[in-house]
Amino acid sequence: MPRQPVFWLRLSIIALLIGLVSQVTAIYLPIILSVILFFLLNPVVDGCCQLPLRFGRDELPRPVGILIAFAISALVLMMIGTFILLPFIREFDKFVIDLPQLMRKLQLLTLAIEQRATAIEIPDNVRDLVNQGISQATSFSVNLAQRMVNAIFAFASQVVELVVVPVLTYYLLKDWQSLRTGFINAFSTHYRGVISQVLQDMGNVVSGYIQGQILISLIMGILIFIGMLVLGVDYPLVLGLLAALTETIPVVGPIIGAVPAIVLAFIVSPELAVKVVIFYILIQQVENHLIVPKIMGHTIDLHPILVVVSLLIGGSLYGVVGMMVAVPAAALLRVLARHLWYYGER
(Lines give C-alpha, C1' and ligand atoms only; values in the text may rest on other atoms or scores of the structure.)
Protein backbone atom coordinates (compact mmCIF):
# COMPACT_ATOMS: atom_id res chain seq x y z
CA MET A 1 0.00 0.00 0.00
CA PRO A 2 1.68 3.25 -1.10
CA ARG A 3 2.07 6.02 1.38
CA GLN A 4 -0.22 8.69 -0.01
CA PRO A 5 0.81 11.42 2.50
CA VAL A 6 4.43 11.22 1.32
CA PHE A 7 3.36 11.77 -2.29
CA TRP A 8 1.27 14.81 -1.45
CA LEU A 9 3.96 16.15 0.89
CA ARG A 10 6.47 16.15 -1.96
CA LEU A 11 3.98 17.85 -4.24
CA SER A 12 3.39 20.45 -1.54
CA ILE A 13 7.13 21.11 -1.27
CA ILE A 14 7.34 21.55 -5.05
CA ALA A 15 4.37 23.94 -4.95
CA LEU A 16 6.06 25.90 -2.16
CA LEU A 17 9.26 26.21 -4.17
CA ILE A 18 7.29 27.38 -7.19
CA GLY A 19 5.56 29.94 -4.98
CA LEU A 20 8.89 31.24 -3.70
CA VAL A 21 10.29 31.50 -7.21
CA SER A 22 7.16 33.35 -8.32
CA GLN A 23 8.07 36.17 -5.92
CA VAL A 24 11.39 36.80 -7.68
CA THR A 25 9.95 38.73 -10.63
CA ALA A 26 13.34 39.76 -12.04
CA ILE A 27 13.98 36.25 -13.37
CA TYR A 28 10.65 35.88 -15.18
CA LEU A 29 11.68 37.28 -18.55
CA PRO A 30 14.94 35.31 -19.00
CA ILE A 31 13.32 32.05 -17.89
CA ILE A 32 10.22 32.51 -20.08
CA LEU A 33 12.33 33.37 -23.13
CA SER A 34 14.64 30.41 -22.47
CA VAL A 35 11.69 28.01 -22.20
CA ILE A 36 10.17 29.38 -25.42
CA LEU A 37 13.49 29.01 -27.24
CA PHE A 38 13.87 25.50 -25.86
CA PHE A 39 10.55 24.34 -27.27
CA LEU A 40 11.27 26.06 -30.59
CA LEU A 41 14.83 24.78 -31.01
CA ASN A 42 14.49 21.29 -29.54
CA PRO A 43 13.01 19.80 -32.76
CA VAL A 44 15.77 21.56 -34.74
CA VAL A 45 18.46 20.11 -32.48
CA ASP A 46 16.96 16.62 -32.76
CA GLY A 47 16.88 16.95 -36.55
CA CYS A 48 20.50 18.14 -36.70
CA CYS A 49 21.69 15.30 -34.48
CA GLN A 50 19.83 12.63 -36.45
CA LEU A 51 20.68 13.96 -39.91
CA PRO A 52 23.89 11.86 -40.32
CA LEU A 53 21.86 8.71 -39.66
CA ARG A 54 20.22 9.14 -43.08
CA PHE A 55 23.65 8.79 -44.68
CA GLY A 56 24.63 5.75 -42.62
CA ARG A 57 26.83 7.66 -40.20
CA ASP A 58 26.82 8.06 -36.43
CA GLU A 59 24.49 10.52 -34.77
CA LEU A 60 26.00 13.92 -34.00
CA PRO A 61 26.75 14.72 -30.34
CA ARG A 62 23.96 16.82 -28.89
CA PRO A 63 26.20 19.83 -28.06
CA VAL A 64 27.22 19.97 -31.74
CA GLY A 65 23.56 19.84 -32.78
CA ILE A 66 22.78 22.67 -30.35
CA LEU A 67 25.55 24.84 -31.80
CA ILE A 68 24.25 24.19 -35.32
CA ALA A 69 20.73 25.13 -34.20
CA PHE A 70 22.11 28.32 -32.62
CA ALA A 71 23.90 29.16 -35.89
CA ILE A 72 20.68 28.64 -37.85
CA SER A 73 18.81 30.82 -35.35
CA ALA A 74 21.44 33.56 -35.67
CA LEU A 75 21.10 33.48 -39.46
CA VAL A 76 17.30 33.71 -39.19
CA LEU A 77 17.59 36.63 -36.75
CA MET A 78 19.95 38.43 -39.11
CA MET A 79 17.46 38.02 -41.96
CA ILE A 80 14.62 39.24 -39.74
CA GLY A 81 16.66 42.24 -38.67
CA THR A 82 17.60 43.12 -42.24
CA PHE A 83 14.28 42.62 -43.99
CA ILE A 84 11.76 43.29 -41.19
CA LEU A 85 13.24 45.04 -38.17
CA LEU A 86 15.13 47.85 -39.95
CA PRO A 87 12.16 48.76 -42.22
CA PHE A 88 9.91 48.58 -39.16
CA ILE A 89 12.14 50.98 -37.22
CA ARG A 90 12.10 53.47 -40.12
CA GLU A 91 8.33 53.22 -40.45
CA PHE A 92 7.80 53.45 -36.69
CA ASP A 93 10.03 56.56 -36.54
CA LYS A 94 7.86 58.11 -39.23
CA PHE A 95 4.76 57.17 -37.24
CA VAL A 96 6.14 58.82 -34.09
CA ILE A 97 6.99 61.99 -36.04
CA ASP A 98 3.55 62.08 -37.65
CA LEU A 99 1.68 61.23 -34.44
CA PRO A 100 0.95 64.87 -33.37
CA GLN A 101 -0.41 65.66 -36.83
CA LEU A 102 -2.48 62.47 -36.84
CA MET A 103 -3.94 63.36 -33.45
CA ARG A 104 -4.90 66.83 -34.68
CA LYS A 105 -6.65 65.30 -37.69
CA LEU A 106 -8.44 62.85 -35.42
CA GLN A 107 -9.58 65.67 -33.14
CA LEU A 108 -10.91 67.64 -36.13
CA LEU A 109 -12.79 64.59 -37.37
CA THR A 110 -14.18 64.02 -33.89
CA LEU A 111 -15.39 67.62 -33.72
CA ALA A 112 -16.99 67.31 -37.16
CA ILE A 113 -18.82 64.15 -36.09
CA GLU A 114 -19.98 65.84 -32.89
CA GLN A 115 -21.29 68.83 -34.88
CA ARG A 116 -23.18 66.55 -37.26
CA ALA A 117 -24.55 64.59 -34.32
CA THR A 118 -25.68 67.85 -32.72
CA ALA A 119 -27.49 68.85 -35.88
CA ILE A 120 -29.42 65.56 -35.92
CA GLU A 121 -32.46 65.31 -33.69
CA ILE A 122 -31.47 62.49 -31.36
CA PRO A 123 -32.04 62.09 -27.64
CA ASP A 124 -29.49 63.69 -25.36
CA ASN A 125 -28.60 60.41 -23.67
CA VAL A 126 -27.83 58.79 -27.06
CA ARG A 127 -25.71 61.80 -28.08
CA ASP A 128 -23.81 61.57 -24.80
CA LEU A 129 -23.14 57.88 -25.40
CA VAL A 130 -21.86 58.59 -28.92
CA ASN A 131 -19.57 61.40 -27.71
CA GLN A 132 -18.32 59.24 -24.84
CA GLY A 133 -17.60 56.35 -27.20
CA ILE A 134 -15.64 58.55 -29.60
CA SER A 135 -13.66 60.08 -26.75
CA GLN A 136 -12.84 56.68 -25.25
CA ALA A 137 -11.79 55.27 -28.62
CA THR A 138 -9.44 58.21 -29.17
CA SER A 139 -7.89 58.00 -25.71
CA PHE A 140 -7.56 54.22 -26.02
CA SER A 141 -5.58 54.56 -29.25
CA VAL A 142 -3.26 57.14 -27.72
CA ASN A 143 -2.74 55.04 -24.59
CA LEU A 144 -2.05 51.95 -26.69
CA ALA A 145 0.66 53.76 -28.65
CA GLN A 146 2.20 55.06 -25.42
CA ARG A 147 2.18 51.59 -23.87
CA MET A 148 3.88 50.15 -26.93
CA VAL A 149 6.68 52.72 -26.71
CA ASN A 150 7.04 52.20 -22.95
CA ALA A 151 7.14 48.43 -23.41
CA ILE A 152 9.93 48.75 -25.98
CA PHE A 153 12.02 50.90 -23.63
CA ALA A 154 11.30 48.59 -20.68
CA PHE A 155 12.38 45.60 -22.76
CA ALA A 156 15.56 47.41 -23.80
CA SER A 157 16.36 48.19 -20.16
CA GLN A 158 16.47 44.44 -19.42
CA VAL A 159 19.02 43.62 -22.12
CA VAL A 160 21.65 42.84 -19.46
CA GLU A 161 19.37 40.21 -17.93
CA LEU A 162 18.77 38.70 -21.37
CA VAL A 163 22.46 37.83 -21.71
CA VAL A 164 21.77 34.68 -19.66
CA VAL A 165 19.05 33.50 -22.07
CA PRO A 166 21.40 31.71 -24.52
CA VAL A 167 23.17 30.04 -21.59
CA LEU A 168 19.92 28.82 -20.02
CA THR A 169 18.64 27.70 -23.41
CA TYR A 170 21.85 25.77 -24.13
CA TYR A 171 21.69 23.81 -20.88
CA LEU A 172 17.97 23.15 -21.25
CA LEU A 173 18.56 21.74 -24.73
CA LYS A 174 21.59 19.74 -23.58
CA ASP A 175 20.38 18.35 -20.25
CA TRP A 176 16.59 18.38 -20.38
CA GLN A 177 16.39 14.58 -20.38
CA SER A 178 18.61 14.25 -17.31
CA LEU A 179 16.77 17.10 -15.57
CA ARG A 180 13.45 15.39 -16.28
CA THR A 181 14.76 12.03 -15.09
CA GLY A 182 16.20 13.56 -11.92
CA PHE A 183 12.90 15.21 -11.12
CA ILE A 184 10.98 11.96 -11.65
CA ASN A 185 13.46 9.98 -9.54
CA ALA A 186 12.84 12.34 -6.63
CA PHE A 187 9.57 10.41 -6.17
CA SER A 188 9.17 6.78 -5.17
CA THR A 189 8.87 4.10 -7.84
CA HIS A 190 5.11 3.85 -7.34
CA TYR A 191 4.53 7.45 -8.44
CA ARG A 192 7.08 7.78 -11.21
CA GLY A 193 4.69 6.56 -13.89
CA VAL A 194 2.06 9.24 -13.25
CA ILE A 195 4.70 11.97 -12.77
CA SER A 196 6.31 11.00 -16.08
CA GLN A 197 2.95 11.10 -17.84
CA VAL A 198 2.10 14.48 -16.31
CA LEU A 199 5.41 15.97 -17.48
CA GLN A 200 4.90 14.46 -20.93
CA ASP A 201 1.41 15.91 -21.29
CA MET A 202 2.47 19.30 -19.94
CA GLY A 203 5.39 19.38 -22.36
CA ASN A 204 3.10 18.55 -25.27
CA VAL A 205 0.70 21.33 -24.27
CA VAL A 206 3.42 23.97 -23.89
CA SER A 207 5.29 22.90 -27.01
CA GLY A 208 2.17 22.76 -29.15
CA TYR A 209 0.92 26.10 -27.86
CA ILE A 210 4.21 27.98 -28.33
CA GLN A 211 4.93 26.61 -31.79
CA GLY A 212 1.32 27.01 -32.92
CA GLN A 213 0.95 30.51 -31.49
CA ILE A 214 4.13 31.77 -33.13
CA LEU A 215 3.04 30.34 -36.48
CA ILE A 216 -0.43 31.88 -36.17
CA SER A 217 1.06 35.25 -35.19
CA LEU A 218 3.39 35.13 -38.19
CA ILE A 219 0.57 34.27 -40.61
CA MET A 220 -1.77 36.92 -39.23
CA GLY A 221 0.96 39.57 -39.21
CA ILE A 222 1.71 38.90 -42.87
CA LEU A 223 -1.99 38.91 -43.83
CA ILE A 224 -2.64 42.19 -41.99
CA PHE A 225 0.46 43.77 -43.55
CA ILE A 226 -0.65 42.77 -47.06
CA GLY A 227 -4.23 43.86 -46.41
CA MET A 228 -3.27 47.29 -45.08
CA LEU A 229 -0.81 47.74 -47.95
CA VAL A 230 -3.46 46.90 -50.55
CA LEU A 231 -6.11 49.10 -48.90
CA GLY A 232 -3.68 52.01 -48.72
CA VAL A 233 -3.61 52.41 -44.93
CA ASP A 234 -0.50 54.18 -43.63
CA TYR A 235 2.16 52.29 -41.65
CA PRO A 236 1.22 48.77 -42.83
CA LEU A 237 4.39 47.21 -41.39
CA VAL A 238 3.73 48.69 -37.94
CA LEU A 239 0.13 47.48 -38.07
CA GLY A 240 1.21 44.03 -39.23
CA LEU A 241 3.73 43.67 -36.41
CA LEU A 242 1.18 44.99 -33.91
CA ALA A 243 -1.30 42.38 -35.14
CA ALA A 244 1.32 39.65 -34.75
CA LEU A 245 2.07 40.74 -31.18
CA THR A 246 -1.54 41.14 -30.06
CA GLU A 247 -2.36 37.76 -31.62
CA THR A 248 -0.61 36.20 -28.61
CA ILE A 249 -3.56 37.38 -26.47
CA PRO A 250 -6.47 35.02 -27.18
CA VAL A 251 -9.96 36.38 -27.90
CA VAL A 252 -9.32 40.09 -27.22
CA GLY A 253 -5.89 40.39 -28.86
CA PRO A 254 -7.11 40.65 -32.47
CA ILE A 255 -9.64 43.32 -31.42
CA ILE A 256 -6.90 45.36 -29.74
CA GLY A 257 -4.73 45.03 -32.85
CA ALA A 258 -7.55 46.18 -35.11
CA VAL A 259 -8.30 49.44 -33.27
CA PRO A 260 -5.19 51.42 -34.40
CA ALA A 261 -5.72 50.34 -38.02
CA ILE A 262 -9.35 51.47 -37.96
CA VAL A 263 -8.40 54.79 -36.37
CA LEU A 264 -5.66 55.45 -38.93
CA ALA A 265 -8.04 54.57 -41.74
CA PHE A 266 -10.74 56.81 -40.25
CA ILE A 267 -8.31 59.74 -40.27
CA VAL A 268 -8.03 59.31 -44.04
CA SER A 269 -11.74 58.78 -44.69
CA PRO A 270 -14.74 57.05 -43.08
CA GLU A 271 -15.11 54.93 -46.22
CA LEU A 272 -11.60 53.54 -45.78
CA ALA A 273 -12.36 52.82 -42.11
CA VAL A 274 -15.40 50.77 -43.16
CA LYS A 275 -13.24 48.79 -45.60
CA VAL A 276 -10.69 48.12 -42.85
CA VAL A 277 -13.43 46.94 -40.46
CA ILE A 278 -14.79 44.56 -43.10
CA PHE A 279 -11.28 43.30 -43.84
CA TYR A 280 -10.58 42.57 -40.16
CA ILE A 281 -13.92 40.80 -39.76
CA LEU A 282 -13.16 38.57 -42.77
CA ILE A 283 -9.63 37.89 -41.53
CA GLN A 284 -10.98 36.90 -38.11
CA GLN A 285 -13.39 34.45 -39.72
CA VAL A 286 -10.54 32.89 -41.69
CA GLU A 287 -8.43 32.68 -38.55
CA ASN A 288 -11.13 31.21 -36.31
CA HIS A 289 -12.47 28.66 -38.79
CA LEU A 290 -9.41 27.72 -40.83
CA ILE A 291 -6.02 28.80 -39.45
CA VAL A 292 -6.44 28.11 -35.72
CA PRO A 293 -8.20 24.71 -36.06
CA LYS A 294 -5.58 23.51 -38.55
CA ILE A 295 -2.57 24.64 -36.50
CA MET A 296 -3.70 24.36 -32.89
CA GLY A 297 -6.13 21.46 -33.19
CA HIS A 298 -6.89 20.26 -29.66
CA THR A 299 -3.60 21.41 -28.10
CA ILE A 300 -5.28 23.55 -25.44
CA ASP A 301 -8.73 21.91 -25.33
CA LEU A 302 -10.29 24.52 -23.03
CA HIS A 303 -13.89 25.67 -23.07
CA PRO A 304 -14.29 29.32 -24.23
CA ILE A 305 -15.64 30.26 -20.79
CA LEU A 306 -12.44 28.99 -19.16
CA VAL A 307 -10.39 30.90 -21.73
CA VAL A 308 -12.19 34.18 -20.96
CA VAL A 309 -11.98 33.64 -17.19
CA SER A 310 -8.26 32.83 -17.50
CA LEU A 311 -7.70 36.04 -19.47
CA LEU A 312 -9.52 38.09 -16.85
CA ILE A 313 -7.50 36.56 -14.02
CA GLY A 314 -4.19 36.89 -15.85
CA GLY A 315 -4.92 40.47 -16.87
CA SER A 316 -5.90 41.51 -13.35
CA LEU A 317 -2.75 39.95 -11.86
CA TYR A 318 -0.01 40.74 -14.39
CA GLY A 319 -1.53 42.96 -17.07
CA VAL A 320 -0.81 42.22 -20.74
CA VAL A 321 1.87 39.64 -19.92
CA GLY A 322 -0.60 37.86 -17.66
CA MET A 323 -3.12 37.69 -20.49
CA MET A 324 -0.48 36.21 -22.80
CA VAL A 325 0.39 33.35 -20.44
CA ALA A 326 -3.08 32.87 -18.91
CA VAL A 327 -4.40 30.34 -21.42
CA PRO A 328 -1.37 27.97 -21.48
CA ALA A 329 -1.19 28.24 -17.68
CA ALA A 330 -4.85 27.23 -17.45
CA ALA A 331 -4.20 24.34 -19.83
CA LEU A 332 -1.31 23.15 -17.64
CA LEU A 333 -3.51 23.34 -14.54
CA ARG A 334 -6.08 21.28 -16.40
CA VAL A 335 -3.44 18.60 -17.08
CA LEU A 336 -2.47 18.55 -13.41
CA ALA A 337 -6.09 18.34 -12.30
CA ARG A 338 -6.85 15.51 -14.72
CA HIS A 339 -3.93 13.39 -13.50
CA LEU A 340 -3.66 14.23 -9.81
CA TRP A 341 -7.07 15.25 -8.51
CA TYR A 342 -8.47 11.74 -8.36
CA TYR A 343 -5.13 9.92 -8.26
CA GLY A 344 -5.64 8.40 -4.81
CA GLU A 345 -9.05 7.01 -5.83
CA ARG A 346 -7.80 4.94 -8.75
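Residues numbered from 1 in each chain as written. Predicted model: local features only at pLDDT ≥ 70, side-chain atom pairs only at ≥ 80, totals over all residues. Heavy atoms only, no water.

### Side note on the packing of aromatic side chains
Given two aromatic rings, one states the distance between the centres and the angle between the planes to describe the pair.
Right, so step 1: This structure, assessed with the given rule, holds seven aromatic pairs.
Right, so step 2: Residues F38 and F39 carry aromatic rings whose centres are separated by 5.1 Å and whose planes lie at 70 degrees to one another, so their mutual orientation is edge-to-face.
Right, so step 3: Its relative accessible area of 10% is what places F38 among the buried residues.
Right, so step 4: For F39, a relative accessible area of 15% translates into the label buried.
Right, so step 5: Grouped by ring-pair contacts, the aromatic residues F88, F92, F95 and Y235 constitute a single cluster. (Phe/Tyr/Trp six-rings, centres within 6.5 Å; stacked < 30°, edge-to-face > 60°. Buried < 20%, exposed > 50% of the residue type's maximum accessible area, 1.4 Å probe, protein only.)

### Comments concerning the pattern of salt bridges
Right, so step 1: The tally for this structure, following the rule as stated, stands at four salt bridges.
Right, so step 2: D46 serves as the salt-bridge partner of R62, at 2.9 Å between the closest nitrogen and oxygen. Of this pair, R62 sits in helix 3 (residues 62-119) while D46 sits in helix 2 (residues 28-50); the two residues are 16 residues apart in sequence, bridging distant segments of the chain.
Right, so step 3: On the basis of relative accessible area, D46 is assigned to the partly exposed category, the value being 26%.
Right, so step 4: K94 is the salt-bridge partner of D98, the closest N and O atoms lying 3.0 Å from each other. Remark: K94 and D98 occur in helix 3; sequence separation between them is four residues, near one turn of the helix.
Right, so step 5: Take D98: its relative accessible area is 17%, and that puts it in the buried class. (Salt bridge = Lys/Arg side-chain N within 4 Å of Asp/Glu carboxyl O. Helix = DSSP H or I, 4+ residues; strand = E, 2+ residues; numbered from the N terminus.)

### Some thoughts on the nonpolar core
Right, so step 1: Residues M228, V233 and Y280 are the most contacted members of the largest nonpolar core, which totals 61 residues.
Right, so step 2: Secondary-structure elements contributing two or more residues to this core are helix 2, helix 3, helix 6 (164-185), helix 7 (189-231), helix 8 (236-246), helix 9 (253-268), helix 10 (270-296) and helix 11 (304-340).
Right, so step 3: Per-element accounting of this core gives the leading share, 13 residues, to helix 7.
Right, so step 4: Setting aside residues up to four positions removed in sequence, Y280 forms contacts with I224, M228, G257, A258 and A261. (Core = buried A, V, L, I, M, F, W, Y, C linked by side-chain atoms within 4.5 Å. Contact = heavy atoms within 4.5 Å.)

### Focus: the side chain of S34
Right, so step 1: Looking at the secondary structure, you find S34 in helix 2.
Right, so step 2: A polar contact is formed between the side chain of S34 and the backbone oxygen of V165, at a distance of 3.5 Å. (Polar contact = N/O pair within 3.5 Å; in protein donor to acceptor, adjacent residues only side chain to side chain.)

### Regarding the environment of R62
Right, so step 1: Through-space distance from the C-alpha of R62 to that of Q50 is 9.6 Å; in sequence the pair is 12 residues apart.
Right, so step 2: Once you skip the residues sitting within four places of it in the chain, R62 turns out to touch N42, V45, D46, C49, L173, K174 and W176.
Right, so step 3: In this structure the side chain of R62 is engaged in a polar contact, spanning 2.6 Å, whose partner is the backbone oxygen of L173.

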